[in-house]
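# Coordinate analysis (summary)
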Amino acid sequence: MKTDEKIQETLARLRPYFHAADFAFAERVWTTPQEVYLNRLRAIGFENQGIVLDAGCGYGQWSLALATLNDRVEAIDVHAGRLMAADALLKAANCHAARVQYGSVAEPPFEANTFDAILAYSVVHATPWPQVLRRFYALLRPRGRAYLTVNGLGWYLRYFIEAPRSGPGHDPRWLAACALMNTVSFEDHQRFDPRSGMIITPEALRAEAEAIGFKVLGAGADGATDLAGVAPRAFFQGEYHGQVGVHEILLERP
Ligand SMILES: C[S@@+](CC[C@H](N)C(=O)[O-])C[C@H]1O[C@@H](n2cnc3c(N)ncnc32)[C@H](O)[C@@H]1O
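What this report covers is the structure whose coordinates are included nearby. Keep in mind the model is a prediction, meaning the values are calculated, not measured. (Residues numbered from 1 in each chain as written. Predicted model: local features only at pLDDT ≥ 70, side-chain atom pairs only at ≥ 80, totals over all residues. Heavy atoms only, no water.)

## Digging into the environment of Val29
Secondary-structure assignment places Val29 in helix α2 (residues 20-31). Excluding residues within four positions of it along the chain, Val29 makes contact with Tyr37, Tyr59 and Gln61. (Helix = DSSP H or I, 4+ residues; strand = E, 2+ residues; numbered from the N terminus. Contact = heavy atoms within 4.5 Å.)

Dropping the structure here:
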């Protein structure tokens, strides 16, 4: 059986275990051509690195791309169902260079100075992110890179106004409202509801990273950084109603 067929068969087998909206996400990311992910990784210089961390791996499509371009991948997430699915899908894709395990980015199960690169795509806005940035800094080897994408206000505004993919198990308007509460609550008491995210502005993200000691190699809307001239595809809107949507930052530990 061809790899693509094995992946489709695995997706079909996994479907009954997930809410429809959650599973639509899995199908979307696994039917997006791998070349799109590979191109983004080339654009940010995540190629020919040694050990790479896929922090908050979700269904594992980035892990596959990272394993194609680098020596070895450690993939962690806190969602047991997604970990099971990621593991099965990576096996179906014949990927042996990625290991999937439970782990929080706030307390990652690795020693300091372990990684040459860390990717956290659409993850840290649902975590105590300044602490997570400090953890990433410690986990990286000197000259190691971290690449993060996070949500600005525009992302939640769109969720509130358009309520995309609303359905059982997925209430975008509640997620948006919760994100506003989370933002205030985290700023005031470092507490938040991890079922949604919070707003992180580009300015706050950059300031925190620089205060930790990171050098900023690139920052902008999702997909804006292009160190290799490969014109990566943006996955999300950089702006919505004049507000920052999904934005990214590429960091280096000196
Ligand atoms: C929007 S999904 C993105 C998944 C994947 N990075 C991608 O781009 O498809 C966010 C993921 O972060 C995971 N996550 C949330 N909090 C986490 C934490 N503290 N540690 C590790 N993963 C976390 C969620 O379980 C979820 O799979």
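## Details of helix α9 (residues 202-212)
The complete set of buried residues in α9 reads Leu205, Ala209 and Ile212. The buried residues of α9 occupy an angular sector of 60° when the element is viewed end-on, so they sit on one face. Opposite the buried face of α9, at more than 90 degrees from it, the exposed residues are Glu203 and Ala211. Summarising the contacts, the buried residues of α9 are in contact with α6 (129-139), β5 (140-151) and β9 (246-252). Two residues or fewer past α9, Gly213 is found with a positive phi of approximately 120°. (Buried < 20%, exposed > 50% of the residue type's maximum accessible area, 1.4 Å probe, protein only. Arc of directions from axis to C-beta.)

## Some points on the packing of aromatic side chains
Under the defined criterion, the tally for this structure stands at 15 aromatic pairs. Between the aromatic rings of Phe18 and Tyr59, the centroid separation amounts to 5.6 Å while the plane-to-plane angle is 65°, which identifies the pairing as edge-to-face. Residue Phe18 is found in the loop between α1 (3-14) and α2, and its partner Tyr59 is found in the loop between β1 (51-55) and α4 (61-69); the two are separated by 41 residues along the sequence. There is no split in this pair, since Phe18 and Tyr59 are both buried. Their ring planes at 80° and their centres at 5.0 Å tell us that Tyr137 and Phe214 sit as a pair that is edge-to-face. Of this pair, Tyr137 sits in helix α6 while Phe214 sits in the loop between α9 and β6 (215-221); the two residues are 77 residues apart in sequence, bridging distant segments of the chain. Neither residue differs from the other here; Tyr137 and Phe214 are each classed as buried. What links up through ring pairs into an aromatic cluster is the set Tyr37, Trp62, Tyr121, Trp155, Tyr159, Phe235 and Phe236. For the cation-ring pair, Arg173 lies above Phe160, with the distance from its terminal atom to the ring centre recorded as 4.1 Å. (Phe/Tyr/Trp six-rings, centres within 6.5 Å; stacked < 30°, edge-to-face > 60°. Lys NZ or Arg CZ within 6 Å of the ring centre and 35° of its normal.)

The values reported here are purely geometric and, on their own, carry no functional implication.
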